[in-house]
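Commentary on secondary and tertiary structure
Chain by chain, the residues:
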Amino acid sequence: MIFEGIGRVFSTVGEKQYETIGAFWDELAAKYGRDKLRGLGYGWTDTEIKYVIGLKEGTIDGCDTRVELPDEGWITVNGRTDRLGEMYGEIYRDGALLFEIEMFDDDGNCRLMYIR
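Described below are features of the structure shown in this document. The numbers attached to residues start from 1 for each chain and follow its sequence in the written order. Since the coordinates come from a predicted model, pLDDT governs what is reported: local features require at least 70, and pairs of side-chain atoms require 80 or more to be given and counted, while whole-chain, interface and lining totals use all residues. Only heavy atoms go into the side-chain values, all of them from the structure, while hydrogens and water stay out.

This paragraph deals with the packing of aromatic side chains. Two descriptors summarise a pair of aromatic rings, namely the distance from one centre to the other and the angle between the planes of the rings. We call Phe, Tyr and Trp rings a pair once their centres come within 6.5 Å, taking the six-membered ring for Trp, and we label the pair stacked below 30 degrees between planes, edge-to-face above 60, and tilted otherwise. Per the counting criterion, the structure on display carries five aromatic pairs. Between phenylalanine 10 and tyrosine 51, the aromatic rings sit 6.4 Å apart at their centres with planes inclined by 75°, giving edge-to-face as the arrangement. Here the residue phenylalanine 10 occupies a position in strand 1 (residues 2-11), and tyrosine 51 occupies one in strand 3 (residues 48-55), the gap between them amounting to 41 residues. Note on exposure labels: buried denotes an accessible area under 20% of the residue type's maximum, exposed denotes more than 50%, and partly exposed covers the range between, all computed with a 1.4 Å probe on protein chains only. The class of tyrosine 51 is buried, set by a relative accessible area of 1%. Considering the side-chain rings of tryptophan 25 and phenylalanine 104, the 4.9 Å spacing of their centres and the 90° angle between planes classify their relative orientation as edge-to-face. Remark: phenylalanine 104 occurs in strand 6 (residues 99-104) and tryptophan 25 occurs in helix 1 (residues 17-32); sequence separation between them is 79 residues. Residue classification places tryptophan 25 among the buried residues on the basis of a relative accessible area of 3%. A residue is classified by how much of its surface remains accessible, and phenylalanine 104, at 9% relative accessible area, is buried. Secondary structure follows DSSP: runs of H or I at least 4 residues long count as helices, runs of E at least 2 residues long count as strands, and numbering of each begins at the N terminus.

Right under this line is the structure:
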C-alpha cells in the first residue's frame, strides 16, 4: 500500500505533537473536510515524528511525500478524539510502532490503525 500526502516533521518533546499535528489537521480540514483526510505517523526518534496527511481517496494538492506501507498486519482501534492521549497510552504499552494511520471526523470520532 502506498500512502501519499503532504509531509512534515514534528517535535515530540513534551508531547507537543498533539497540538502541532492538530493544527496541521485543522489547516487541511478547512480545505478538504476532516472526514476526507487521513494522517500517517512514522519514523519516530527520541525527539520527532514524521507525519503525512493525505486524502482517503485521490491525491491531495501539493503532495510531496510517498510512503510504502505493509498491506497486512494492521490493528484498528475506534474511539473519541478527546481520549486520543489515553488511547495511545494503551497502544504504546505493548511497544513502539512502525506506522500509525489516523482518521477523524467533526463529531469527535477517531479511528487509529497501527502496526509494530
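Residues Phe24, Trp25, Leu28, Leu37, Tyr51, Ile53 and Ile60 are the most contacted members of the largest nonpolar core, which totals 23 residues. Put simply, the parts of the chain that give this core at least two residues each are strand 1, helix 1, strand 3, helix 2 (84-92) and strand 7 (109-115). Per element, the largest residue contribution to this core is six residues, and it comes from helix 1. The definition of a nonpolar core used throughout is a set of buried Ala, Val, Leu, Ile, Met, Phe, Trp, Tyr and Cys residues joined through side-chain atoms within 4.5 Å. Judged by nonpolar contacts, the second largest core, of twelve residues, contains Val67, Trp74, Phe99 and Ile101.

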